[in-house]
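# Structure at a glance
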Amino acid sequence: MKLVVGLGNPGKRYAGTRHNVGFAVVDLLAESPHASRWHSRFQAQVAELREDSGRVLLVKPETFMNLSGRCVREVMQFYQMPLEDLLVVCDDINLPLGRLRVRARGSHGGHNGLRDIQNHLGTIEYSRLRIGVGSPGAGDAVDFVLGRFGPTDQAVMEEAVRTAAQAVLVWVEHGTEACMNQYNG
């Protein structure tokens, strides 16, 4: 089984914000006819997707972005999953709007959700798919990531979410390196 964790904040207030693009990707994957319905477990919403290569657990932590690590650790411990079977999908203000970047490991880069996962797992050795949401410029980063996309940016992000969902499936089938080769521009 593979574990794909989309990061975001729960609740209608945060739906459609820049910080919730990780949720948007796993939501899209969960629309597959091969996916179960969402249910509550591990302080998260969880759905299972069946692919040719096996089961994929889709997870949306309900602990808010900055406390995502506990949920990730609980799921991994429960299923006794190795780190190479984990992919975290999140927003990135350091990437241009709509750009994807897949990495097999790395620092949190200032992203509080990744920081908490790193703290709970005790390592930086897990794959992540970052989706560029644009930069706040001189503005406040918190207000920016909790804000919504304008009409022009929304179209770009809808395409980026579709592409990110395809990238997740490549990761599931072929691993991080193949995903990096295909989706890192």
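Everything below is about the structure printed above this text.
### Quick look at the overall build of the protein chain
Per the secondary structure count, the protein chain includes six helices and seven strands. The helix and strand sequence of the protein chain, counted from the amino end, reads β-α-β-β-β-α-β-β-α-β-α-α-α. The globule rule puts the C-alpha radius of gyration for 185 residues at 16 Å, and the 15 Å found for the protein chain is close to it. Judged by the C-alpha coordinates and their principal axes, the protein chain covers about 45 × 30 × 30 Å. Across the 185 residues that make up the protein chain, the buried fraction comes to 49%. Look at the contacts in the protein chain between residues 6 or more apart in sequence, and 69% of them connect residues 24 or more apart. Charge centroids of the protein chain, computed over 20 positive and 20 negative side chains, lie 3 Å from each other.

### Observations concerning the side chain of Thr176
Tracing the backbone shows Thr176 in helix α6 (residues 176-183). Classification of Thr176 by relative accessible area gives buried; the value is 13%. Within polar-contact distance, the side chain of Thr176 engages the side chain of Ser127 at 2.7 Å.

### Digging into the environment of Cys179
Assignment of secondary structure puts Cys179 in helix α6. Here Cys179 falls in the buried class, since its relative accessible area comes to 2%. Ignoring anything within four residues of it in the chain, the contact list for Cys179 reads Val102, Ala167, Val170, Trp171 and Asn184.

### A closer look at the packing of aromatic side chains
One pass over the full model with this rule turns up four aromatic pairs. Relative to Phe64, the ring of Tyr14 has its centre 6.0 Å away and its plane inclined at 85 degrees; by these criteria the two rings are edge-to-face. Taken together, the residues Tyr14 in the loop between β1 (2-6) and α1 (21-30) and Phe64 in the loop between β4 (54-61) and α2 (68-79) connect sequence positions 50 residues apart. Look at Tyr14 and you get buried, because its relative accessible area is 14%. The ring of Phe78 carries Arg41 above its face, with NZ or CZ at 4.4 Å from the centroid. Over the ring of Trp38 we find Lys60, and its NZ or CZ is 4.6 Å from the ring centre.

### Overview of the pattern of salt bridges
On inspection of all chains with the given rule, the structure shows seven salt bridges. One salt bridge connects Glu48 with Arg50, and the closest N-O pair in it is separated by 3.0 Å. Note that Asp92 is salt-bridged to Arg130, the shortest N-O span being 3.1 Å. Residue Asp92 is found in strand β5 (residues 86-92), and its partner Arg130 is found in strand β7 (residues 127-132); the two are separated by 38 residues along the sequence. In this structure Arg130 comes out as buried when scored by relative accessible area, which is 11%.

### Some details on the sheet that holds β4
Sheet architecture is open: seven strands sit in the order β2-β3-β4-β1-β5-β7-β6, paired in mixed fashion. Of all the strands in the sheet, just β2 (39-41) and β6 (100-103) have a single pairing partner and so form its edges. The average undirected angle you get between the axes of adjacent strands in this sheet is 25 degrees. In terms of strand pairing, β6 meets β7 through four bridges, oriented antiparallel. The residue bridging Val102 from the neighbouring strand is Leu129, located in β7. Packed onto the sheet, α2 meets β1, β2, β3 (44-51), β4 and β5 and runs at close to 155 degrees relative to β4. Contacts from helix α5 (residues 151-174) reach β1, β3, β4, β5, β6 and β7 within the one sheet, and its direction differs from that of β7 by about 165 degrees.

Analysis parameters
- Residues numbered from 1 in each chain as written.
- Predicted model: local features only at pLDDT ≥ 70, side-chain atom pairs only at ≥ 80, totals over all residues.
- Heavy atoms only, no water.
- Helix = DSSP H or I, 4+ residues; strand = E, 2+ residues; numbered from the N terminus.
- Rg over C-alpha atoms; globule rule 2.2 N^0.38 Å.
- Buried < 20%, exposed > 50% of the residue type's maximum accessible area, 1.4 Å probe, protein only.
- Contact = heavy atoms within 4.5 Å.
- Lys, Arg positive; Asp, Glu negative; His and termini not counted.
- Charge placed at Lys NZ, Arg CZ, Asp CG, Glu CD.
- Polar contact = N/O pair within 3.5 Å; in protein donor to acceptor, adjacent residues only side chain to side chain.
- Phe/Tyr/Trp six-rings, centres within 6.5 Å; stacked < 30°, edge-to-face > 60°.
- Lys NZ or Arg CZ within 6 Å of the ring centre and 35° of its normal.
- Salt bridge = Lys/Arg side-chain N within 4 Å of Asp/Glu carboxyl O.
- Pairing = 2+ DSSP bridges.
- Axes fitted to C-alpha atoms, helices over the stretch in contact; angles between N-to-C directions.

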